[in-house]
Amino acid sequence: MRAPVRRTVITALGVLATLSGVAASPAAAQPSYYDPVITPCDHLFRTPLELPRPGTSAYWSPFGATGIVCYDNGTGLADFYQRDPWGAWHDMNELAPGHFFYSVFTTGIPEGARRP
């Protein structure tokens with residue numbers, strides 16, 4: 001064999017060996033653990049008309065500060081949602097520090113989470 005052909009064959013074999021190792025690694029990896037949890041968080045919020053309490057944020061919602069849950073999807077960052085009287089979930093957006101606002105759009109994210 002000539003040198004350029006030999007290099008091409010060796011390179012092709014090396015690439016195939018690498019790809020077979022990469023393809024096998026996801027199968028050998030441990031399964032991911034996704035276990036979302038929701039907990040009640042009404043105590044962390046107050047309506048803007050209430051007197052400020054230590055450790056609470058104002059929540060501007062037509063439904064007050066009830067039905068609020070903390071949604072932990074395993075990242076360590078809490079997301080907050082409120083259930084409206086008709087049973088739909090709404091995301092709570094913090095547009096200013098200490099002031100959360102009601103989102104008119106609904107979401108189904110907390111539905112699959114377990115309660116502790």
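Residues numbered from 1 in each chain as written. Predicted model: local features only at pLDDT ≥ 70, side-chain atom pairs only at ≥ 80, totals over all residues. Heavy atoms only, no water.

Novice: Just to check I follow, could you spell out the overall build of the protein chain for this structure?
Specialist: Looking only at helices and strands, the protein chain has one helix and seven strands in total. The order of helices and strands in the protein chain, counted from the N terminus, is α-β-β-β-β-β-β-β. Of all 116 residues assigned to the protein chain, the portion counted as buried reaches 25%. Partitioning the intrachain contacts of the protein chain with sequence separation of at least 6 by distance along the chain shows that 43% fall at a separation of at least 24. Here the protein chain has roughly 8100 Å² of accessible surface; of this, 65% comes from carbon and sulfur atoms. (Helix = DSSP H or I, 4+ residues; strand = E, 2+ residues; numbered from the N terminus. Buried < 20%, exposed > 50% of the residue type's maximum accessible area, 1.4 Å probe, protein only. Contact = heavy atoms within 4.5 Å. Areas by Shrake-Rupley, 256 points an atom, 1.4 Å probe, with all protein chains shown as cover.)

Novice: Help me out: how do you make sense of the state of the cysteines in this one?
Specialist: Across all of its chains, the model carries one disulfide by this definition. Paired by a disulfide, Cys41 and Cys70 hold their sulfur atoms 1.5 Å apart. Disulfide Cys41-Cys70: the torsion about the S-S bond is -125°, which places it as left-handed. Residue Cys41 is found in the loop between strand E1 (37-40) and strand E2 (45-46), and its partner Cys70 is found in strand E4 (residues 68-72); the two are separated by 29 residues along the sequence. We note that Cys41, like Cys70, is buried. (Disulfide = S-S within 2.5 Å.)

Novice: It is not clear to me how the nonpolar core should be interpreted in this structure. Could you clarify?
Specialist: Generally speaking, a soluble globular protein has its nonpolar side chains buried in company with each other. Grouped together as the largest cluster of nonpolar side chains are ten residues: Cys41, Phe45, Tyr59, Ala65, Ile68, Cys70, Phe80, Met92, Phe100 and Tyr102. The set of elements that each furnish at least two residues to this core consists of E4 and strand E7 (99-107). Filtering out sequence-adjacent residues up to four positions away, Tyr102 remains in contact with Tyr59, Trp60, Ser61, Pro62, Phe63, Gln82, Asp84, His90 and Asp91. The next biggest cluster of nonpolar side chains, apart from the first, holds six residues, and it includes Val69, Tyr71, Tyr81 and Ala113. (Core = buried A, V, L, I, M, F, W, Y, C linked by side-chain atoms within 4.5 Å.)

Novice: I would appreciate a short explanation of the packing of aromatic side chains in the present structure.
Specialist: One pass over the structure, following the stated rule, counts eight aromatic pairs. Taking the centre distance of 5.6 Å and the plane angle of 85° together, the rings of Phe80 and Phe100 count as edge-to-face. Of this pair, Phe80 sits in strand E5 (residues 79-83) while Phe100 sits in strand E7, and the two are 20 residues apart along the sequence. The exposure class assigned to Phe80 is buried, which follows from its relative accessible area of 16%. For Phe100, a relative accessible area of 7% corresponds to the buried category. These aromatic residues form a ring-pair network of at least three members: Phe45, Tyr59, Phe80 and Phe100. (Phe/Tyr/Trp six-rings, centres within 6.5 Å; stacked < 30°, edge-to-face > 60°.)

Novice: What is the right way to read the pattern of salt bridges from this model?
Specialist: Oppositely charged side chains are able to pair whenever their charged atoms sit close together. Under the counting rule described, the total for this entry stands at one salt bridge. As a salt-bridge pair, Glu50 and Arg53 come within 2.8 Å of each other at their nearest N and O atoms. Residue classification places Arg53 among the partly exposed residues on the basis of a relative accessible area of 36%. (Salt bridge = Lys/Arg side-chain N within 4 Å of Asp/Glu carboxyl O.)

Novice: Explain the side chain of Ser57 to me, please; I cannot follow it from the model alone.
Specialist: For Ser57, the location among the structural elements is in strand E3 (residues 57-60). Owing to a relative accessible area of 17%, Ser57 belongs among the buried residues under this scheme. The contacts of Ser57, once residues within four sequence positions are left out, are Leu44, Phe45, Arg46, Gly98 and Phe100.

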